[in-house]
Amino acid sequence: MPDRSFLSWPFFEDRHRELAEHLEAWCTTNLPVDHHDVDAACRELVTKLGQDGWLKPTALDTDNPGPLDVRTLCITRETLARHDGLADFAFAMQGLGTGALSLFGTPEQQEWLSRTRAGKAISAFALSEPRSGSDVANTEMTATRDGDSFVLTGEKTWISNGGIADLYVVFARTGEAPGAKGLSAFLVPGDAKGLGIAERLEVIAPHPLARLSFERVRLPATALIGRPGDGFRIAMSVLDVFRSTVGAAALGFARRALDESIKRVAERKLFGAPMAELQMVQGHIADMALDVDAAALLVYRAAWTKDMGAARVTREAAMAKLFATDKAQEVIDKAVQLHGGDGVRKGHIVESLYREIRALRIYEGASDVQKVVIARQVMGAA
Ligand SMILES: Cc1cc2nc3c(=O)[nH]c(=O)nc-3n(C[C@H](O)[C@H](O)[C@H](O)COP(=O)(O)OP(=O)(O)OC[C@H]3O[C@@H](n4cnc5c(N)ncnc54)[C@H](O)[C@@H]3O)c2cc1C
């Protein structure tokens, strides 16, 4: 039984505790799904999660508008990640892909949200390019105004849900100013003419991922999200909401690794006694538990701060993401070690956690970038 004591921390309300309990029961019945065909698995997960109402918190409810509840997003990601990394991915992308619409969309653009919240449309967030990942200011894709249209030309890469998404939020250069201040955000339907899948990308923990080509993709002016030149601000506002949730997913992976290790060391006998009696093993378990609790404190501090109405949580979210992802990697590595040969055996849960965690330290701002962000925040505040 995973540790649920954190749910009594003052960051949470009863509705969060109820969510954790109900979602845990749902996960036990429905997860993991078969991952062999990763596109099919993701479609199935989005449909299932949508049908059973779990995707509702990922985007604005246009009938009852209010801010996204980051604690709900974090508890959901943590719980899903503990059961199935792909389920967490499917949930997270419905939020990241539509974040710009929830926060800055017109009523017409927000019509998509009832479909993404119901699992009837899949969304994607397209910011990275072959020559601009961390360096967003270097975005090369252009969006040129042509009468009542914008024409998008260029490439996006590493796009999660690339190839299966029904809508993409795409960031392109409109040129109001040099660098980051000359970008704008656009809503691009997945079937837009000129939008192609240049390459499907395979990574160590498979999920749908692609490099996309935009060959003179013509969009109506109404596809612009927010104002021209606001693209970077929009992207950063979306990441400000969702960055802590990456930490929450890492926390879910780490908790699972800790749970599996506790079980393993109790069951496995070494030198005539359970491994759990070896003090060095106890030392590993203690380190893992400490990192899990510290990560949880940072993740839920960031989520709570945002939910309490903070305009930006740049420092809190960066700390949560950096610490939770880096420490989850260490916790999972210890779990692999404690499992011996089984830990590296294909198909074993700790082997899959070892692969699942790695990309979280790279996307939505690599660990090194989070350090730069934190340093600037604390030095700026001094
Ligand atoms: C599995 C996966 C899913 C992804 N999904 C999406 C998605 O849905 N949408 C999207 O737009 N992008 C997505 N990405 C892209 C991701 O955001 C980029 O990979 C990331 O921003 C890093 O960019 P890069 O790969 O170009 O690496 P680079 O920018 O070349 O950076 C390489 C490394 O340099 C270091 N570094 C970077 N900046 C600094 C700095 N200032 N100081 C010190 N060191 C630094 C970091 O260690 C970094 O990992 C995804 C990536 C992966 C791996």
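Note that the structure is a prediction, hence the values are computed from the model and not measured.

Engineer: Lay out the site of the ligand in plain terms, naming residues and giving numbers.
Structural biologist: Around the ligand lies a shell of 18 residues, among which Phe125, Ser128, Ser134, Trp158 and Asp368 are the nearest. In the environment of the ligand, a nitrogen atom lies 2.7 Å from a nitrogen or oxygen atom belonging to the backbone of phenylalanine 125. A distance of 2.6 Å is found between an oxygen atom of the ligand and a side-chain nitrogen or oxygen belonging to aspartate 368. Those elements giving two or more residues to the shell around the ligand turn out to be strand 1 (123–126), strand 3 (149–160) and helix 11 (367–381). Tallying contributions element by element places strand 3 first for the shell around the ligand, with 3 residues. Here the shell around the ligand is built from residues that sort into 11 nonpolar, 5 polar and 2 charged.

Engineer: Quick one: what's the story with the packing of aromatic side chains, residue by residue and with numbers?
Structural biologist: Going through the model one piece at a time under the given rule, you end up with 10 aromatic pairs. With a centroid separation of 5.7 Å and an interplanar angle of 20°, the aromatic rings of phenylalanine 6 and tyrosine 300 are classed as stacked. Residue phenylalanine 6 is found in the segment before helix 1 (14–30), and its partner tyrosine 300 is found in helix 8 (residues 279–307); the two are separated by 294 residues along the sequence. Judged by its relative accessible area of 0%, tyrosine 300 is buried.

Engineer: Describe unusual backbone geometry, listing the residues and the values that go with them.
Structural biologist: Omega for the bond connecting leucine 31 with proline 32 falls within 30 degrees of zero, at -5°, which places this linkage in the cis form. Mapping proline 32 onto the fold places it in the loop between helix 1 and helix 2 (38–51). With phi around 60°, tryptophan 158 is a residue other than glycine that occupies positive phi space. Tracing the chain through its elements places tryptophan 158 in strand 3. Notably, phenylalanine 271 is not glycine yet its phi reads approximately 55°, a positive angle. The residue phenylalanine 271 is located in the loop between strand 9 (269–270) and strand 10 (273–274) in this model.

Engineer: An account of the state of the cysteines is requested, with residue identities and associated values reported.
Structural biologist: Throughout the structure, instances matching the rule amount to 0 disulfides. You can see cysteine 27 has no disulfide; the closest cysteine sulfur is in cysteine 42, sitting 15 Å from it. Judged by relative accessible area, which is 0%, cysteine 27 ranks as buried.

Engineer: Could you give me a rundown of the UniProt feature "domain: Acyl-CoA oxidase/dehydrogenase middle" (unreviewed entry) in the protein chain, with the residues and numbers involved?
Structural biologist: When the UniProt feature table is mapped onto this chain numbering, "domain: Acyl-CoA oxidase/dehydrogenase middle" (unreviewed entry) sits at residues 124–217. Counted over residues 124–217, helix gives 0% and strand 52%. Its end C-alpha atoms are 17 Å apart.

Engineer: Quick rundown of the pairing of strand 3? Include the residues and the values.
Structural biologist: Note: strand 2 (residues 142–146) against strand 3, 5 bridges, orientation antiparallel. Looking at strand 3, one finds that threonine 144 is bridged to valine 151. Counted between consecutive antiparallel strands, the loop separating strand 2 from strand 3 contains 2 residues, among which glycine 147 sits at a positive phi close to 60°. Note that strand 3 and strand 7 (residues 209–220) share 9 bridges and pair antiparallel.

Engineer: I'd like a rundown of the environment of proline 130, residues and numbers included.
Structural biologist: Mapped onto the elements of the fold, proline 130 is located in the loop between strand 1 and strand 2. When the C-alpha positions of proline 130 and leucine 258 are compared, they lie 37 Å apart, and in sequence the two are 128 residues distant. Not counting residues within four places of it along the chain, the set of residues in contact with proline 130 comprises Glu155 and Thr157.

Engineer: Please set out the pattern of salt bridges residue by residue, giving values where relevant.
Structural biologist: Scanning all chains against the criterion turns up 27 salt bridges. Between arginine 15 and aspartate 69 there is a salt bridge, and its shortest N-O distance comes to 3.1 Å. Of this pair, arginine 15 sits in helix 1 while aspartate 69 sits in the loop between helix 2 and helix 3 (70–83), and the two are 54 residues apart along the sequence. Note that aspartate 342 and arginine 264 form a salt bridge whose closest N and O atoms lie 3.0 Å from each other. With aspartate 342 in the loop between helix 9 (314–338) and helix 10 (349–358) and arginine 264 in helix 7 (residues 231–267), this pair connects stretches of sequence that are 78 residues apart. Residue arginine 264 is classed as buried on the basis of its relative accessible area, which comes to 17%. Residues joined by salt bridges that share partners form a network here, namely Glu13, Arg15, Asp69, Arg71 and Asp307.

Engineer: Can you lay out the side chain of threonine 79 for me, pointing to particular residues and giving the numbers?
Structural biologist: Turning to its location among the elements, threonine 79 is positioned in helix 3. Those residues within four positions of threonine 79 in sequence are excluded, and the remaining contacts are Leu23, Glu24 and Cys27.

Engineer: Quick one: what's the story with helix 7, residue by residue and with numbers?
Structural biologist: Counted at 1.5 Å a residue, the expected span for helix 7 with its 37 residues is 54 Å, and the 53 Å between its end C-alpha atoms agrees. Bending of helix 7 peaks at approximately 40° at the position of aspartate 240. Most of helix 7 is tucked away, with 30 of its 37 residues classed as buried.

Engineer: Break down the packing of helix 7 against helix 9 for me, citing the residues and quoting the values.
Structural biologist: Two numbers describe how helix 7 lies on helix 9: the axes approach to 8 Å, and their chain directions differ by 20°. If you check the angle between helix 7 and helix 9, you find them roughly parallel. Seen from above, helix 7 lies across helix 9 with left-handed handedness. Within the contact between the two elements, helix 7 uses Asp240, Arg243, Ser244, Val246, Gly247, Ala250, Phe253, Ala254, Ala257, Ser261, Arg264 and Val265 and helix 9 uses Thr314, Ala317, Ala320, Lys321, Ala324, Thr325, Ala328, Val331, Ile332, Ala335 and Leu338. Its residues assigned to classes, the contact of helix 7 with helix 9 comprises 14 nonpolar, 5 polar and 4 charged.

Engineer: Could you give an account of the nonpolar core, naming the residues involved and the relevant values?
Structural biologist: Side chains of a nonpolar character, in soluble globular proteins, are inclined to be buried together. One finds Leu152, Val188 and Tyr300 to be the most contacted residues of the largest nonpolar core, which totals 115 residues. Sorting elements by how many residues they give to this core places helix 7 first, with 17 residues. What leucine 152 contacts, discounting residues up to four positions off in sequence, is Met141, Thr142, Ala143, Val170, Ala172, Phe186, Val188, Phe214, Glu215, Arg216, Val217 and Leu219.

About the thresholds
- Each chain has its residues counted from 1, running along the sequence as written.
- With the structure being a predicted model, the display of local features is reserved for residues of pLDDT at least 70 and the display and counting of side-chain atom pairs for 80 or more, all residues being used for whole-chain, interface and lining totals.
- Note: side-chain values were computed over all heavy atoms of the structure, leaving out hydrogens and water.
- We define proximity as follows: a residue is near a molecule or strand when any one of its heavy atoms falls within 4 Å of that partner.
- Two N or O atoms form a polar contact when they lie within 3.5 Å of each other; inside protein one atom must be a possible hydrogen donor and the other a possible acceptor, and for residues adjacent in sequence the pair counts only when both atoms belong to side chains.
- What counts as a helix is a DSSP run of H or I of at least four residues, what counts as a strand is a run of E of at least two, and both are numbered from the N terminus.
- Side-chain classes are defined by residue name, with Ala, Val, Leu, Ile, Met, Phe, Trp, Tyr, Cys and Pro counting as nonpolar, Asp, Glu, Lys and Arg as charged, and the others, Gly among them, as polar.
- Pairing of aromatic rings covers Phe, Tyr and Trp, the last through its six-membered ring, and needs centres within 6.5 Å; plane angles under 30 degrees mean stacked, over 60 mean edge-to-face, and all others mean tilted.
- Burial classes follow relative accessibility: with a 1.4 Å probe on protein chains only, a residue under 20% of its type's maximum area counts as buried, one over 50% as exposed, and anything between as partly exposed.
- By disulfide we mean two sulfur atoms from cysteines, separated by a distance within 2.5 Å.
- UniProt positions are given in the numbering used here, feature names are shortened, and annotations may be inferred rather than shown by experiment.
- We treat two strands as partners when DSSP finds at least two bridges between them.
- Every residue pair with non-hydrogen atoms within 4.5 Å of one another is taken to be in contact.
- By salt bridge we mean one thing: a side-chain nitrogen of Lys or Arg within 4 Å of a carboxyl oxygen of Asp or Glu.
- By this rule, a helix spans an expected 1.5 Å times one less than how many residues it contains.
- One axis fitted to the seven residues ending at a residue, another fitted to the seven starting there: the angle between these axes is the bend at that residue.
- Angles here are taken between N-to-C directions and fall from 0 to 180 degrees, while the axes themselves are lines fitted to C-alpha atoms, restricted in helices to the stretch in contact.
- Reported orientations rely on four angle classes, namely roughly parallel under 35 degrees, roughly antiparallel over 145, roughly perpendicular from 65 to 115, and oblique for the rest.
- Whether a crossing is left-handed or right-handed is set by the direction in which the near helix is turned from the far one by less than a right angle, anticlockwise for left-handed and clockwise for right-handed.
- We call a set of buried residues a nonpolar core when its members are Ala, Val, Leu, Ile, Met, Phe, Trp, Tyr or Cys and they connect through side-chain atoms within 4.5 Å of each other.

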